[in-house]
Amino acid sequence: MGPIELVRAYDARGTKKTSPTFLVDRLWPRGIAKADLDCDAWIKEVAPSTELRTWFGHQADRFPEFRTRYLQELDTNRTAAQPIVEAARNGTVVLLYSAKDLEHNQAVVLREWISNQF
């Protein structure tokens, strides 16, 4: 398995990808045209449910509980993440996300979950 890199979608805007790249947000990032984000797939089904995302509200103090709940969602919907897991078997993968907080977001949890699949 290769490394799983996390990149804010706003930082990837206008750059050319060098590894398989997946947008893992349920909503398309505001202010970014689809033509400006070079990614292989937008896999919104792998993102946290609307209910969980709304409850979390990117509040860092809720992150431990968010992490637990999101890992449970991923365990019950493994097929959504399969394209990412398969790409990670072959090398580096990039997960794009739009959250401002670099440490408390779904991409951090998703990377952990994918790493535990190997």
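Residues numbered from 1 in each chain as written. Predicted model: local features only at pLDDT ≥ 70, side-chain atom pairs only at ≥ 80, totals over all residues. Heavy atoms only, no water.

Explain helix 5 (residues 106-115) here, please?
A turn of α-helix holds 3.6 residues, and therefore any two residues three or four places apart point the same way. For helix 5, a buried count of seven out of 10 residues is recorded, marking the element as mostly surrounded by other parts of the structure. When we look at burial in helix 5, the residues that qualify are Gln-106, Ala-107, Val-108, Val-109, Leu-110, Trp-113 and Ile-114. At the N-terminal boundary of helix 5, the capping side chain belongs to Asn-105, with an oxygen 2.9 Å from the backbone nitrogen of Ala-107. (Buried < 20%, exposed > 50% of the residue type's maximum accessible area, 1.4 Å probe, protein only. Helix = DSSP H or I, 4+ residues; strand = E, 2+ residues; numbered from the N terminus. Polar contact = N/O pair within 3.5 Å; in protein donor to acceptor, adjacent residues only side chain to side chain.)

How do you make sense of the nonpolar core when you look at a structure like this?
Nonpolar side chains in soluble globular proteins generally cluster together in the buried interior. Ranked by internal contacts, the top residues of the largest apolar core, which has 29 residues, are Val-46, Ile-84, Leu-95 and Leu-110. Contributing elements (two or more residues each) for this core: strand 1 (4-8), helix 2 (50-56), helix 3 (63-76), helix 4 (78-89), strand 4 (93-97) and helix 5. With nine residues, the next largest nonpolar core counts Ala-9, Trp-28, Val-94 and Leu-96 among its residues. (Core = buried A, V, L, I, M, F, W, Y, C linked by side-chain atoms within 4.5 Å.)

Please clarify how the packing of helix 4 against helix 5 should be interpreted in this entry.
Relative placement of two packed helices is described by the angle separating their axes and the distance separating the axes. Between helix 4 and helix 5, the least distance of the axes is 10 Å, while the angle of their chain directions is 75°. By the angle between their axes, helix 4 is roughly perpendicular relative to helix 5. Taking contact as the criterion, the partners of Arg-78, Ala-81, Ile-84, Val-85 and Ala-88 in helix 4 are, on helix 5, Leu-110, Trp-113 and Ile-114. (Axes fitted to C-alpha atoms, helices over the stretch in contact; angles between N-to-C directions. Parallel < 35°, antiparallel > 145°, perpendicular 65-115°, else oblique. Contact = heavy atoms within 4.5 Å.)

When you look at the environment of Asp-25 in this model, what are you seeing that I'm missing?
Examined against the element boundaries, Asp-25 turns out to sit in the loop between strand 2 (21-23) and strand 3 (41-42). A relative accessible area of 6% means that Asp-25 is categorised as buried. Those residues in contact with Asp-25 that sit more than four places away from it in its chain are Trp-42, Lys-44, Ala-47, Leu-96, Tyr-97, Ser-98 and Gln-106. Here the side chain of Asp-25 touches Ser-98 through a polar contact of 2.5 Å, side chain to side chain.

Would you take a moment to explain the pairing of strand 4 for this structure?
As a general feature of sheets, a regular strand has side chains that alternate between the two faces. The buried fraction of strand 4 is high, at five of five residues. Residue alternation in strand 4 divides its side chains into two sets, Val-93, Leu-95 and Tyr-97 and Val-94 and Leu-96, and both sets are buried. Sheet analysis places strand 1 next to strand 4, joined by five bridges and oriented parallel. Its bridge partner being in strand 4, Leu-6 is matched across the sheet by Leu-95. Across three bridges, strand 2 lies against strand 4 in parallel orientation. By the bridge assignment, Leu-23 is partnered in strand 4 with Leu-96. (Pairing = 2+ DSSP bridges.)

Spatial relationships are all this shows, so hold off on functional conclusions.
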